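Now for the letters of each chain:
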Amino acid sequence: MFEFLEDNITMLAPIVIFAFNRPDSLQRLADSLVKNSLYDESEKYVFVDGCRNEDDRAKVDRTIEIAHRITPNVIVSQHNKGLGASIIDGVSQIIGRYGSAIVLEDDLMCMPNFLRFMNKGLETYRDDERIFAICGYGLKISRPDGYNADVYLNRRSSSWGWATWADRWHTVDWAVSDWDRLRSDHSMQRKFNRGGSDMYGMLRDYMEGRNHSWAIRFCYSQFVQGRWSVHPFRSLVQNEGFGVDATNCKQTYSRFKTCLDNRIGGGILMPLDIVPYRGILKENARYHGLLLRLYSRIRKLLRM
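This text gives an overview of the structure that appears in the document. (Residues numbered from 1 in each chain as written. Predicted model: local features only at pLDDT ≥ 70, side-chain atom pairs only at ≥ 80, totals over all residues. Heavy atoms only, no water.)

### Concerning the environment of Ser229
Among the structural elements, Ser229 can be located in strand β9 (residues 228-232). The sequence separation of Ser229 and Leu153 amounts to 76 residues, and the corresponding C-alpha distance is 5.6 Å. Residues contacting Ser229, with those up to four places away along its chain left out, are Ala133, Cys135, Tyr152, Leu153, Asn154, Arg156, Ser157 and Gln222. A polar side-chain atom of Ser229 sits 2.8 Å from a polar atom in the side chain of His231. (Helix = DSSP H or I, 4+ residues; strand = E, 2+ residues; numbered from the N terminus. Contact = heavy atoms within 4.5 Å. Polar contact = N/O pair within 3.5 Å; in protein donor to acceptor, adjacent residues only side chain to side chain.)

Spelled out as structure tokens, the structure:
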């Protein structure tokens, strides 16, 4: 059914971590990465955002200490940029030097095969111009009968552990220069929302100053260019907010809780000739649809 590339990874992408004032979270991320077989051989960079005020000082200083245990490549901002600006600036610095990058935020934890998965994806799809990003996080998506690969294509990238190449990254229109056209073109808005009914609303909120999201602008450029992101059926990333011991997500239900790939080693089947599947795309969009978002919000409010 598919043509596969052997699991030979010839070039490792740098790991780029973004942190701020959560030293314990950064330590947990580092502890999870150490369990990855390619961790020691990988170049590592940690960007620490500056304090918003003096109340942040002690936690930011502690975060910087932990960052220096991870790598000597620690870049500390002299002022508070915010997450969006930090990621755009930091990734741009590193990806231009290496040609690709694996990007993590400090509230994530990685499964033991995370780095193998990400580097394998970067190598497999490097020359496939249809592919915009490799994403380590995957929703609970049913694998179609007869579908013998470990990954699928989606219209929407995830910001929870992802990677891309310099030639894709540099095409992102961070200014959203065609915003005037999009906000008056309802057909285009509907097409953008095929990746989830919240997408146009999130971009509108960014343009009107209600959020500072870099990720929705990345996804919009992916949409405009007609490209795809690659995701696993079993997630290689867990967000701390949805873990067993989560402090920020006490309810038992969350649409973002997922099935994790806890394997150590083993093959990763990524087809060279991967194609989108209508059922998978529909299932992904459902997770971000109005009804499920509303249901999830009610359960969160009721802490169920």
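### A few points about helix α9 (residues 215-225)
Across the eleven residues that make up α9, a large majority, eight, are buried. Positive backbone phi, approximately 65°, marks Gly226, located one or two places after α9. (Buried < 20%, exposed > 50% of the residue type's maximum accessible area, 1.4 Å probe, protein only.)

### Thoughts on the packing of helix α8 (residues 199-207) against α9
With their axes 9 Å apart at the nearest point, α8 and α9 run at an angle of 125° to one another. The angle between α8 and α9 places the two elements in the oblique class. Considering the relative orientation of α8 and α9, their crossing is left-handed. Two secondary-structure elements touch here, α8 through Met199, Met202, Leu203 and Tyr206 and α9 through Ile216, Arg217, Cys219 and Tyr220. Broken down by class, the residue content of the contact of α8 with α9 amounts to seven nonpolar, no polar and one charged. (Axes fitted to C-alpha atoms, helices over the stretch in contact; angles between N-to-C directions. Parallel < 35°, antiparallel > 145°, perpendicular 65-115°, else oblique. Left-handed = near helix turned anticlockwise from the far one by under 90°. Nonpolar A, V, L, I, M, F, W, Y, C, P; charged D, E, K, R; others polar.)

### Things to note about the pairing of strand β8 (residues 162-165)
What you see with β8 is no split at all: Trp162 and Thr164 on one side and Ala163 and Trp165 on the other are buried throughout. Where strand β4 (residues 100-105) and β8 come together, four bridges link them in antiparallel fashion. Looking at the pairing, Val103 lines up with Trp162 of β8. Pairing geometry for strand β6 (residues 131-135) and β8, over two bridges, is antiparallel. Bridge pairing in β8 links Ile134 to Ala163. (Pairing = 2+ DSSP bridges.)

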